[in-house]
Amino acid sequence: MRDPLAFRIRPKNLDEVVGQQHIVGPNAILRRSIEKKEPFSMILFGPPGTGKTTIAEAYAKSMGIHYEKLNAVTTDKKEMESAIKDAKLFGHAIIIMDEVHRLDKTKQDLLLPYVEDGTFFLIGATTANPYIALNRAVRSRCRLLEVKSLTEEDVYQGLLRAVSCKEGVNNEYKFDESALRYIAKLSGGDLRFSLNTLEQATIQFSKEEIITREDIEKINKVPNYAMDKNEEEHYDSVSALQKSIRGSDVDAAIYYLARLCIAEDLDSIKRRLLVTAYEDVGLANPAAVSRCQQAIEAAEKVGFPEAIIPLGFTVCELALSPKSKSSCLAIEEAMDFASKRPFVVQDYLKLTPVNVQEEDKYPYDRPDIWERIQYLPEVIKDMKFYHPNDLSMSNYEKSLNENYRRLNSRPRSSNLRQLKKK
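Residues numbered from 1 in each chain as written. Predicted model: local features only at pLDDT ≥ 70, side-chain atom pairs only at ≥ 80, totals over all residues. Heavy atoms only, no water.

## Section: the overall build of the protein
Item 1. In terms of regular secondary structure, the protein is built from 20 helices and 7 strands.
Item 2. Taken against the 2.2 N^0.38 rule, which gives 22 Å for 422 residues, the C-alpha radius of gyration of the protein at 28 Å runs more than 25% over that of a compact globule.
Item 3. Projected onto its principal axes, the C-alpha positions of the protein cover 95 × 60 × 40 Å.
Item 4. Looking at the protein residue by residue over its 422 residues, the buried ones come to 45%.
Item 5. Pairs at least 24 apart in sequence give 75% of the contacts found in the protein among residues at least 6 apart.
Item 6. Charged side chains of the protein number 61 positive and 63 negative; the gap between the two group centres comes to 5 Å. (Helix = DSSP H or I, 4+ residues; strand = E, 2+ residues; numbered from the N terminus. Rg over C-alpha atoms; globule rule 2.2 N^0.38 Å. Buried < 20%, exposed > 50% of the residue type's maximum accessible area, 1.4 Å probe, protein only. Contact = heavy atoms within 4.5 Å. Lys, Arg positive; Asp, Glu negative; His and termini not counted. Charge placed at Lys NZ, Arg CZ, Asp CG, Glu CD.)

## Quick word on the layout of surface pockets
Think of a ball as big as a water molecule: rolled over the atoms, this probe shows where empty space is left.
Item 1. The computed volume of the second largest pocket comes to approximately 560 Å³.
Item 2. Residue lining of the second largest pocket: 28 residues in total, with Arg10, Gly49, Gly51, Thr54 and Arg192 positioned closest to the centre.
Item 3. Breaking the lining of the second largest pocket down by element, the ones donating at least two residues are helix H1 (5-8), helix H4 (52-63), strand E4 (121-126), helix H9 (152-164) and helix H11 (191-204).
Item 4. Each residue belonging to the lining of the second largest pocket can be placed in one class, and the counts come to 11 nonpolar, 9 polar and 8 charged. (1 Å grid on protein atoms, 1.4 Å probe; cavity = no way out; pocket = protein on both sides within 12 Å on 5 of 7 lines; lining within 4 Å. Points joined across faces, edges and corners; volume = space filled by probe spheres on them. Nonpolar A, V, L, I, M, F, W, Y, C, P; charged D, E, K, R; others polar.)

## Quick word on the packing of aromatic side chains
Item 1. For the structure on display, the rule yields 6 aromatic pairs.
Item 2. Summarising the aromatic geometry, the rings of Phe337 and Phe343 are spaced 6.3 Å apart at their centres and angled 15° between planes, so their arrangement reads as stacked.
Item 3. For Phe343, a relative accessible area of 27% translates into the label partly exposed.
Item 4. Members of the aromatic cluster, connected to one another through ring pairs, are Phe337, Phe343 and Phe385.
Item 5. In this structure, Arg181 packs its charged tip against the face of Tyr156, placed 3.6 Å from the ring centre. (Phe/Tyr/Trp six-rings, centres within 6.5 Å; stacked < 30°, edge-to-face > 60°. Lys NZ or Arg CZ within 6 Å of the ring centre and 35° of its normal.)

## As for the confidence of the model for the protein
Item 1. On average, residues of the protein score 86 in pLDDT, and 96% of them are at 70 or above.
Item 2. Mean pLDDT values for the elements of the protein range from 76 in helix H7 (residues 130-133) up to 95 in helix H17 (residues 308-320).
Item 3. Within the model, pLDDT remains below 50 along residues 226-231, and this stretch shows 14 contacts once partners closer than five positions in the same chain are excluded. (pLDDT = per-residue confidence, 0-100.)

## Brief notes about the sheet that holds strand E2 (residues 66-71)
Item 1. Ordered by their spatial adjacency, 5 strands build an open sheet running E2-E3-E4-E1-E5, and the pairing between neighbours is parallel. Because the sheet does not close on itself, it has two edges, and the strands there are E2 and strand E5 (143-146). Along the sheet, successive strands turn relative to each other by an average axial angle of 20°, direction set aside.
Item 2. Sitting on the sheet, helix H5 (residues 77-90) touches E2 and strand E3 (93-98), and the angle it makes with E2 is about 170°. (Pairing = 2+ DSSP bridges. Axes fitted to C-alpha atoms, helices over the stretch in contact; angles between N-to-C directions.)

## Structural notes on the packing of H5 against helix H6 (residues 105-117)
Item 1. Contact geometry of H5 with H6 gives a least axis separation of 10 Å together with a crossing angle of 5°. The angle between the axes of H5 and H6 places the two elements in the roughly parallel class. Residues Lys77, Met80, Glu81, Ile84 and Lys88 of H5 form the contact with H6, whose own contacting residues are Lys107, Leu110, Leu111 and Tyr114.
Item 2. A breakdown of the residues in the contact of H5 with H6 according to their chemical character gives 5 nonpolar, no polar and 4 charged. (Parallel < 35°, antiparallel > 145°, perpendicular 65-115°, else oblique.)

## Thoughts on the pairing of strand E1 (residues 42-45)
Item 1. In E1, alternate side chains face the same way, and those of Met42 and Leu44 on one face and Ile43 and Phe45 on the other are all buried.
Item 2. Direction of pairing for E1 relative to E4: parallel, over a ladder of 4 bridges. Within E4, the residue paired with Met42 across the bridge is Ile123.
Item 3. For E1 and E5, the ladder comprises 4 bridges, and the chain directions are parallel. When the bridges of E5 are listed, Met42 appears paired with Arg143.

## Structural notes on the side chain of Thr197
Item 1. For Thr197, the location among the structural elements is in helix H11.
Item 2. By relative accessible area, Thr197 is classed as buried at 3%.
Item 3. Contacts of Thr197, omitting those with residues within four sequence positions, involve Ile183, Ile216, Ile219 and Asn220.

## Details of the environment of Leu407
Item 1. With respect to the helices and strands, the residue Leu407 is situated in helix H19 (residues 395-408).
Item 2. Counting along the chain gives 36 residues from Leu407 to Glu371, while the straight-line C-alpha distance between them is 7.3 Å.
Item 3. The contact partners of Leu407, leaving out residues within four places of it in the chain, are Glu371 and Arg412.

## Section: helix H10 (residues 177-187)
Item 1. Within H10 the residues assigned to the buried category are Ala179, Leu180, Tyr182, Ile183, Ala184, Leu186 and Ser187.
Item 2. Buried residues along H10 sit against H9, strand E6 (174-175), H11, strand E7 (210-211) and helix H12 (213-219).

## As for helix H18 (residues 326-340)
Item 1. For H18, with 15 residues, the first-to-last C-alpha span of 22 Å sits near the 21 Å given by 1.5 Å per residue.
Item 2. Contact partners of the buried residues in H18: helix H15 (266-281) and H19. (Expected span 1.5 Å × (residues − 1).)

## Considerations on the packing of H9 against H11
Helix-helix packing: each pair is described by the crossing angle between the helix axes and the interaxial distance.
Item 1. The interhelical angle for the contact between H9 and H11, taken along N-to-C directions, is 40°, at an axis separation of 10 Å. Considered as vectors, H9 and H11 are oriented oblique to each other. Considering the relative orientation of H9 and H11, their crossing is right-handed. On H11, the residues touching Val155, Gly158, Leu159, Ala162 and Val163 of H9 are Leu191, Ser194, Leu195 and Leu198.
Item 2. Residues belonging to the contact of H9 with H11 are distributed by class as follows: 7 nonpolar, 2 polar and no charged. (Left-handed = near helix turned anticlockwise from the far one by under 90°.)

## A short note on the pattern of salt bridges
Item 1. All told, the structure shown has 28 salt bridges when counted by the stated rule.
Item 2. Of the charged contacts, one joins Lys69 and Asp98 as a salt bridge, the two residues approaching to 4.0 Å between their closest N and O atoms. Of this pair, Lys69 sits in strand E2 while Asp98 sits in strand E3, and the two are 29 residues apart along the sequence.
Item 3. Taking the relative accessible area as the measure of exposure, Lys69 reaches 39% and is therefore partly exposed.
Item 4. Of the residues examined, Asp98 reaches a relative accessible area of 14% and is grouped as buried. (Salt bridge = Lys/Arg side-chain N within 4 Å of Asp/Glu carboxyl O.)

Printed below as a string of structure tokens:
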């Protein structure tokens, strides 16, 4: 009994890696790292089947130092301690961590000091967005490298190699070009999926016949994606989902959600829906924003295919809800301003004010004057970042706007001593 085809032909060096020239090609970062024999810790993130773990292993082998492969879900503390012990014995080593975003705090605390002092270099692989799913402590110690979805041509070239190489099919089965092109089209940029389909064809058909597209259609008509042949179509559908919700077109929103659900891309769906809920619905319907979070949690618990039910629910509600970008625009404007103009926080707002008399300290026991205190630095005390959405159809947001104007009608002061006397 042989190992699976995808495992047998896994690249042994960067030259055998399919696609990903932006990180493995000539003059790219991984190639330069190997040439200079200067390894570094990194997080490889991207869609399934694009070669993250393959690149990590090829990099480690090309670097010529000891490496071990672990999985954040299945590896226990004892196995991790053993890997660290081995790394110390070899002087320098690489630890490849699959599903790195699943590392719990205990495992992170165990690894991070050794990554920090160079005992070993960590290469994490994940399908999740590292900026959302990864602990900041892990991110800060690693270079983030995106592994992009493969093109149809990339997958086709990978199939040609699999058919011809000794470890693969070794030309024992004959495929016409249309069959390989069709497998590449079905793959949705997932080389592993295409290799599994290729291997299935070698089991289904004999060595004497030429395997055609029609033969492949007999064993697999369902694509590994819900999009057209253009690899950007997937991301276009994610973008179209948000724009359809923003434009309150519930039919279009449900259609684009369906495409993403067929691809079972829950990560993209949940990220986009959360962003859309807070960015485009926001203060106009905060309850819908909360229900969106609940729907996503339900979808994660039940998984596909049942996940389409809570996802469909929240997409319909978000699309039909009133819209408001006031809170999103407020933080964007404040971020832009704060990045250009730093100001010192007033003494009475500091966590532990020094050399401040009691009369000038923040009055924790005086809620009656909290709304009269000046919180912005003196130089920008009249600056406004929040702009009420007066076109809102939401009674809730209208009440917020009324309260905002009431608060602005009263002057604020930085003279706490005087405010306390009133």
